[in-house]
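Residue-level structure breakdown
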Amino acid sequence: MAAEVSGPEVGGEGQEPLLSGGEAAAAAEEEEEESRDVVETQEHYKSRWRSIWIMYLTMFLSSVGFSIVIMSVWPYLQKIDPTADASFLGWIIASYSIGQMVASPLFGLWSNYRPRREPLVISTAISVAANCLYAYVHVPHSHNKYYMLTARALVGFGAGNVAVVRSYIAGATSLTERTSAMANTSACQAVGFILGPVFQTCFTLIGEEGITWKLIRLQLNMYTAPVLFGALLGVINIILIFAILREHRVDDLGRQCRSINFEGEESGVLDHDAEGNVDHVAVVAINFLFFVILFVFAVFETIATPLTMDMYSWTRKEAVFYNGIILSVVGIESVIVFMVVKTLSKKTGERAILHGGLLIVLVGFFILLPWGKKLPNIQWQEIKNNSIPRTTSTETLMPFWSLQAMQLPSNHTVEPVGCPVTQSWCLNTPMIYLAQYISSDILIGLGYPVCNVMSYTLYSKILGPKPQGVYMGWLTASGSGARILGPVFLPI
């Protein structure tokens with residue numbers, strides 16, 4: 001006689017609901033056919049969700065590792081190596097995604113055949129070491145920019161563990177729990193991207209000089225403190241993985257299953273025949289769709305600053321500040337969407353929500369098309385007439401894109417604003433109004449998180465109960481490739 005599944009009332013506050021009565025009955029009927037299936041007890045249920053929460057934390061820290069230095073990379077690079085130019089900055093930014101793209105399938109494959117704790121600990125340790133390397137890139141007497149490039153690539157390599165995280169969550173949740181768990185994972189990722197720059201802003205209070213510990217040649221300043229903080233969080237994460245994370249695997253109905261990831265005497269080989277065949281056409285389709293989703297979002301993120309500078313005559317400082325506010329609001333909007341999607345998917349289904357998200361993104365880009373007859377302010381006219389309408393203090397930061405600058409008088413200290421005449425489209429392309437731009441931001445910020453979480457959810461359900469490490473690795477790699485290639489196609 002199989003043990004009864006605990007009812008929903010035994011779950012603590014904030015936990016996912018236990019199996020319903022209908023699901024419990026279905027589990028009991030099929031248990032006799034598969035001796036390896038074990039009905040979930042309350043103790044197992046609590047352990048499983050504690051482990052899943054550790055995965056949420058790992059995803060959060062992975063996102064923080066990317067965004068916590070994104071605002072300070074350029075000034076720090078100029079400080080440690082004056083030979084570095086804006087094009088090299090692009091390689092440093094891209095190196096994170098390149099490292100993640102290479103590592104994701106490898107860690108995913110590793111997690112398919114060994115306990116997931118192993119790739120999680122090793123990858124997190126790589127990230128910790130890479131952050132420490134980043135804090136010491138000022139020490140060498142030459143080639144400092146290459147040390148920074150290596151450090152960021154290794155941080156990205158360590159972030160390849162997101163494939164293991166999503167694979168673990170997919171295997172440790174039933175079908176009814178998976179959409180909610182995937183939404184929580186994406187929400188943790190989004191919160192990490194939002195809070196990373198916030199942490200960086202707090203550390204700016206230390207200043208550029210900061211404190212120097214001569215014994216170990218460590219400079220604790222506004223550039224190194226964030227990565228050392230990230231390293232500390234990584235160490236805490238490793239400790240929690242050892243202390244709390246346990247191997248759990250359940251089938252689509254929520255019944256406990258054995259897997260090759262278990263250690264000790266309980267480990268066994270999976271019955272691959274019982275797992276069914278994977279629909280490879282659907283797998284390729286989701287990978288392609290995920291690539292497209294992240295590609296268009298990468299283009300949108302990259303073009304935001306130069307577009308607003310050209311269209312609205314914003315200075316570099318204004319463009320960074322205003323777009324930072326807009327993207328922060330979009331990030332908060334995304335977190336709210338992740339939470340709403342969990343409930344909405346139970347009523348409409350994942351495919352319908354994915355279609356809706358794609359349609360919203362399409363409308364967002366359609367609104368961004370230039371309409372009307374008004375042209376943007378032309379930079380050369382303002383310089384020629386010697387009547388630049390907006391003045392700011394001289395900026396030491398140069399733009400990330402290279403354009404042939406118009407020569408100003410030697411005593412001119414005003415940053416040119418407007419659409420440069422070197423861009424031929426400025427002379428015949430209508431202006432994108434600010435209301436259009438903000439409306440597009442809101443719609444893309446609404447549709448992108450929907451597409452993101454539904455892609456992962458559908459992907460995990462298509463794969464079924466088989467180990468998903470390698471497949472999740474390829475999905476993560478396709479997203480990383482999109483973030484690398486997206487900006488390359490911008491006509492800047």
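Residues numbered from 1 in each chain as written. Predicted model: local features only at pLDDT ≥ 70, side-chain atom pairs only at ≥ 80, totals over all residues. Heavy atoms only, no water.

Now for the overall build of the protein chain. Regarding its fold elements, the protein chain presents 15 helices and two strands. Relative to its full complement of 492 residues, the protein chain shows a buried share of 51%. Once local pairs closer than 6 in sequence are excluded, the contacts in the protein chain between residues at least 24 apart make up 80%. (Helix = DSSP H or I, 4+ residues; strand = E, 2+ residues; numbered from the N terminus. Buried < 20%, exposed > 50% of the residue type's maximum accessible area, 1.4 Å probe, protein only. Contact = heavy atoms within 4.5 Å.)

All right, on to the packing of aromatic side chains then. Aromatic ring pairs are defined here through the distance separating the ring centres and the angle between the ring planes. Considering all chains together, one arrives at 16 aromatic pairs under this definition. Look at Phe297 and Tyr448: their rings are 4.0 Å apart centre to centre, the planes differ by 10°, and that puts the pair in the stacked class. Taken together, the positions of Phe297 in helix α10 (residues 280–312) and Tyr448 in helix α14 (residues 434–463) put the pair 151 residues apart, joining distant regions of the chain. Each member of the pair, Phe297 as well as Tyr448, is classed as buried. Members of the aromatic cluster, each reached through a chain of ring pairs, are Phe297, Phe300, Phe365 and Tyr448. One Lys or Arg, Lys145, reaches over the ring of Phe88 and ends 5.0 Å from the middle of that ring. Note that Arg166 overlies the ring of Tyr456, its terminal NZ or CZ placed 3.4 Å from the centroid. (Phe/Tyr/Trp six-rings, centres within 6.5 Å; stacked < 30°, edge-to-face > 60°. Lys NZ or Arg CZ within 6 Å of the ring centre and 35° of its normal.)

With the exception of glycine, the majority of residues adopt a negative phi angle, and the majority of peptide bonds are in the trans configuration. Non-glycine residue His143 carries a positive phi angle of around 55°. Here His143 lies in the loop between α5 (117–135) and α6 (144–158).

Okay, the nonpolar core next. Side chains that are nonpolar tend, in soluble globular proteins, to be buried together. Residues Met55, Leu77, Tyr134 and Met148 are the most contacted members of the largest nonpolar core, which totals 46 residues. Where this core is concerned, the elements lending two or more residues are α2 (42–67), α3 (73–80), α4 (86–113), α5, α6, α7 (162–171), α8 (175–203) and α9 (225–244). The next biggest cluster of nonpolar side chains, apart from the first, holds 34 residues, and it includes Phe290, Val337, Val341 and Tyr448. (Core = buried A, V, L, I, M, F, W, Y, C linked by side-chain atoms within 4.5 Å.)

Turning next to the confidence of the model for the protein chain. Mean pLDDT over the protein chain stands at 76; residues scoring 70 or higher make up 77%. Mean pLDDT across the elements of the protein chain bottoms out in helix α1 (residues 21–31) (49) and peaks in α5 (93). The low-confidence segment residues 1–19 (pLDDT under 50) makes 29 contacts with residues lying over four places distant or belonging to another chain. (pLDDT = per-residue confidence, 0-100.)

Turning to α9, a few remarks are in order. Here α9 is 20 residues long and its end C-alpha atoms lie 28 Å apart, about the 28 Å a rise of 1.5 Å per residue gives. On its buried face, α9 is in contact with α2, α5, α8 and β2 (218–220). (Expected span 1.5 Å × (residues − 1).)

Right, let's get into the packing of α8 against α14. Their axes nearest at 9 Å, the elements α8 and α14 cross at an angle of 140°. Here α8 is positioned oblique relative to α14, judged by the angle of their axes. Both α8 and α14 take part in a crossing whose hand is right-handed. Only Asn452, Val453, Met454, Tyr456, Thr457, Ser460 and Lys461 of α14 make contact with α8, whose side of the interface consists of Leu175, Arg178, Thr179, Met182, Ala183 and Ser186. Residues of the contact of α8 with α14, tallied by class, amount to six nonpolar, five polar and two charged. (Axes fitted to C-alpha atoms, helices over the stretch in contact; angles between N-to-C directions. Parallel < 35°, antiparallel > 145°, perpendicular 65-115°, else oblique. Left-handed = near helix turned anticlockwise from the far one by under 90°. Nonpolar A, V, L, I, M, F, W, Y, C, P; charged D, E, K, R; others polar.)

Now for the side chain of Ser478. Of note, Ser478 is situated in helix α15 (residues 469–485). Residue Ser478 is classed as buried on the basis of its relative accessible area, which comes to 15%. With residues up to four places along the chain from it excluded, the contact list for Ser478 reads Asn287, Phe290 and Phe291.

What follows deals with the pattern of salt bridges. Counted under the stated rule, the structure contains three salt bridges. One salt bridge in this structure joins Glu118 and Arg114, with 2.7 Å as the shortest N-O distance. A residue is classified by how much of its surface remains accessible, and Arg114, at 42% relative accessible area, is partly exposed. Here Glu247 makes a salt bridge to Arg116, at a shortest N to O gap of 2.8 Å. Here the residue Glu247 occupies a position in the loop between α9 and α10, and Arg116 occupies one in the loop between α4 and α5, the gap between them amounting to 131 residues. We classify Glu247 as buried; its relative accessible area is 12%. Owing to a relative accessible area of 5%, Arg116 belongs among the buried residues under this scheme. (Salt bridge = Lys/Arg side-chain N within 4 Å of Asp/Glu carboxyl O.)

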